[in-house]
Protein chains: 2
Amino acid sequence: MPRRLYDFWRSSAAYRVRIAMNLKGIEAERTYINLTKGEQKAPAFRDISPSGLMPVLEEEDGTRIFQSLAIIDYLEAHYPEPALLPADADGRARVQGLAYATAIDTHPLTNVRVLNFVENEMGAGKDGRAEWIAHWCHAGFEGLETRLNREPETSAFMHGDSPTLADICLIPQIYFARRFDLDLSPYPTLVRIDATCAALPAFHDASPSQQADAVG
Amino acid sequence: MPRRLYDFWRSSAAYRVRIAMNLKGIEAERTYINLTKGEQKAPAFRDISPSGLMPVLEEEDGTRIFQSLAIIDYLEAHYPEPALLPADADGRARVQGLAYATAIDTHPLTNVRVLNFVENEMGAGKDGRAEWIAHWCHAGFEGLETRLNREPETSAFMHGDSPTLADICLIPQIYFARRFDLDLSPYPTLVRIDATCAALPAFHDASPSQQADAVG
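The model shown is predicted, which means the values in this text are computed figures rather than measured ones.

(A) Region of the structure containing helix H8 (residues 188-198) of chain A. All names here are of chain A. Those residues of H8 that fall on the buried side of the exposure criterion are Leu190, Ile193, Asp194 and Cys197. Down the axis of H8, the sector holding all buried residues measures 105 degrees, keeping them to one side. Of the exposed residues in H8, the ones pointing more than 90 degrees away from its buried face are Pro188 and Ala195. Those residues of H8 hidden inside the fold are in contact with helix H6 (125-150), helix H7 (165-179) and helix H9 (201-206).

(B) Just the packing of helix H4 (residues 89-103) of chain A against H6(A), in detail. Residue and element names in this part refer to chain A. At their nearest, the axes of H4 and H6 sit 9 Å apart, and the two run at 160 degrees to each other. The pairing of H4 with H6 is recorded here as roughly antiparallel in orientation. Judged by the sense of rotation from one axis to the other, the crossing of H4 with H6 is left-handed. Contact residues: Leu98, Ala101 and Thr102 in H4; Gly140, Gly143, Leu144 and Arg147 in H6. Across the contact of H4 with H6, the residue classes break down as 3 nonpolar, 3 polar and 1 charged.

(C) Highlighting the relation of the copies chain A and chain B. After a rotation of 180 degrees and a shift along the axis of 0.0 Å, chain A superposes on chain B with an RMSD of 0.0 Å. Within this description, the copies of the chain are treated as partners about a two-fold rotation axis. Among all C-alpha atoms of chain A, that of Ile104(A) lies closest to the rotation axis, at 2.6 Å. Here 100% of the interface residues in chain A have copies in chain B that are interface residues too; the copies meet face to matching face.

(D) Spotlight on the sheet that holds strand S3 (residues 56-58) of chain A. Residue and element names in this part refer to chain A. Taking strand neighbours across the sheet as the criterion, the 4 strands line up as S2-S1-S3-S4 in an open arrangement whose pairing is mixed. Two strands close off the open sheet at either side, each with one partner strand: strand S2 (29-32) and strand S4 (64-66). Each strand of the sheet is rotated relative to its neighbour by a mean of 20 degrees, with strand direction disregarded. The pairing of strand S1 (residues 4-7) with S2 spans 4 bridges and is parallel. Residue pairing in the sheet places Asp7 in a bridge with Tyr32 of S2.

(E) Region of the structure containing the sheet that holds strand S1 (residues 4-7) of chain B. Residues and elements named next belong to chain B. A sheet is described by the order of its strands in space; here 4 strands give the open sequence S2-S1-S3-S4, paired in mixed fashion. If you trace the sheet from one side to the other, it starts and ends with strand S2 (29-32) and strand S4 (64-66), each paired once. Neighbour to neighbour, the strand axes of the sheet diverge by 20 degrees on average, direction disregarded. Bridge count for S1 against strand S3 (residues 56-58) is 3 bridges, and the pairing is antiparallel. Residue pairing in the sheet places Arg4 in a bridge with Glu58 of S3.

(F) Seen up close, the environment of Ile72(B). All names here are of chain B. Mapped onto the elements of the fold, Ile72 is located in helix H3 (residues 68-78). In this structure Ile72 comes out as buried when scored by C-beta crowding, with 27 C-beta atoms within 10 Å. Those residues in contact with Ile72 that lie beyond four places of it in its chain are Arg16, Val17, Ala20, Leu84 and Leu165.

(G) Highlighting the interface of chain A and chain B. Contacts between the two partners involve 34 residues from chain A and, on the opposite side, 34 residues from chain B. Considering every element that reaches the side of chain A that touches chain B, the biggest residue donor is H4(A), with 8 residues.

(H) Structural detail: the nonpolar core. In this structure, Ala20(A), Met54(A), Leu165(A), Ala20(B), Met54(B) and Leu165(B) are the most contacted members of the largest nonpolar core, which totals 128 residues. Excluding residues that lie within four positions of it along the chain, Leu165(B) makes contacts with Ile72(B), Leu84(B), Leu85(B), Val95(B), Gln96(B) and Ala99(B).

(I) Spatial organisation of the domain arrangement of chain A. Residue and element names in this part refer to chain A. Per the domain assignment, the segments of chain A are domain 1 (4-82) and domain 2 (89-204). Averaged C-alpha coordinates put domain 1 and domain 2 at centres separated by 20 Å. On the side of domain 2, 14 residues touch domain 1, which itself brings 11 residues to the contact. The set of elements that each furnish at least two residues to the side of domain 1 that touches domain 2 consists of helix H1 (12-24) and helix H3 (68-78). In terms of residues, the side of domain 1 that touches domain 2 owes the most to one element, H1, which gives 7 residues. Counted by class, the side of domain 1 that touches domain 2 contains 8 nonpolar, 2 polar and 1 charged residues.

Cut-offs applied
- Residues numbered from 1 in each chain as written.
- Chains lettered and ligands numbered in written order.
- Predicted model: local features only at pLDDT ≥ 70, side-chain atom pairs only at ≥ 80, totals over all residues.
- Buried ≥ 20, exposed ≤ 12 C-beta atoms within 10 Å, placed from the backbone.
- Helix = DSSP H or I, 4+ residues; strand = E, 2+ residues; numbered from the N terminus.
- Arc of directions from axis to C-beta.
- Contact = placed C-beta atoms within 7 Å.
- Axes fitted to C-alpha atoms, helices over the stretch in contact; angles between N-to-C directions.
- Parallel < 35°, antiparallel > 145°, perpendicular 65-115°, else oblique.
- Left-handed = near helix turned anticlockwise from the far one by under 90°.
- Nonpolar A, V, L, I, M, F, W, Y, C, P; charged D, E, K, R; others polar.
- Least-squares fit on C-alpha atoms with pLDDT ≥ 70 in both.
- Pairing = 2+ DSSP bridges.
- Core = buried A, V, L, I, M, F, W, Y, C linked by C-beta atoms within 7 Å.
- Domains from an automatic or database assignment.

Here it is in structure tokens:
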């Protein structure tokens, strides 16, 4: 069977994998799991992904790779060009640190299962949900903007003049923040890099509105 | 100046780095940042770590590495033995996927800044905080237990017969869950692997109670 990505247009984690695949010219069949309709909770998908989380990459031999960052690392090993991490250890550590500031410190707090839990189970309601989103997005963006502005490796992209894992993680979080009308004016460097990425077909074609399962 | 780790005994992320350093026989001076006292918010530490997050590794030339997983990857590059990731791509992807199920899907929801926000800013109080902790720990552990039980690579450790990044991420989360008296009986495989790790000096010596800044 062909390579398959369990995907959803609005999933930030799937969006990361789509960018990486586009940059490397990798194709995959799609199975769309509609997170809005709760399809990730259905037994059929739980049998594939016990955590109910997305995305999942399924290889031709049936091997399943879980977690967007593990998928990207796996693709990097099999398709090393263009590299998504610098070859030098210091640069690699810097890019990972910047990527994880989004992928670990920010995004896990703003994915749909957490937002629903905050709004409903915690009783925070729509206003509490919005406050939650703003608080954690701003916390993440502030730290990144400060680092990018003081570190000389920042250039056209977060690290040098080609996109890296750091940009791949940042851009879906900025898309998410815009959906919720967050004020991004305190982050001119992030906004500049977002625009630079948006001009690249690999990023544009991976964006939610361009997906076959996009709605509205 | 010598290599330095900004550390705190109860930080799960710092605990991961301590395990990795012990496994590889790496030493570092310590600067303790007391998260309970809010020292991570002080300007002196914010100047080092703009996000206010821990741990940070400072190299002899002053280079700073942020994010526990980036630090461990950096140490793996410089001190490849013993390897914390399998050499084969499928094994590497599996270990990363298991590690990230804790480090990305679970731990970011249960670190101190998030728990304080849930309890205070969101008004959930002590009970809401406890409910939050239990919900996300159980969600993470359930997915892991299911995968470990159905995948043949699970052995003495989460992947094979030596500790990997997956165990390094799991053990601090189990320590955290025990602090809050979570019932771990639904997770016999996780509990078995935790006991296997606890018998290794590298894990034992990295545990919170063994740290110079431990209290109580």
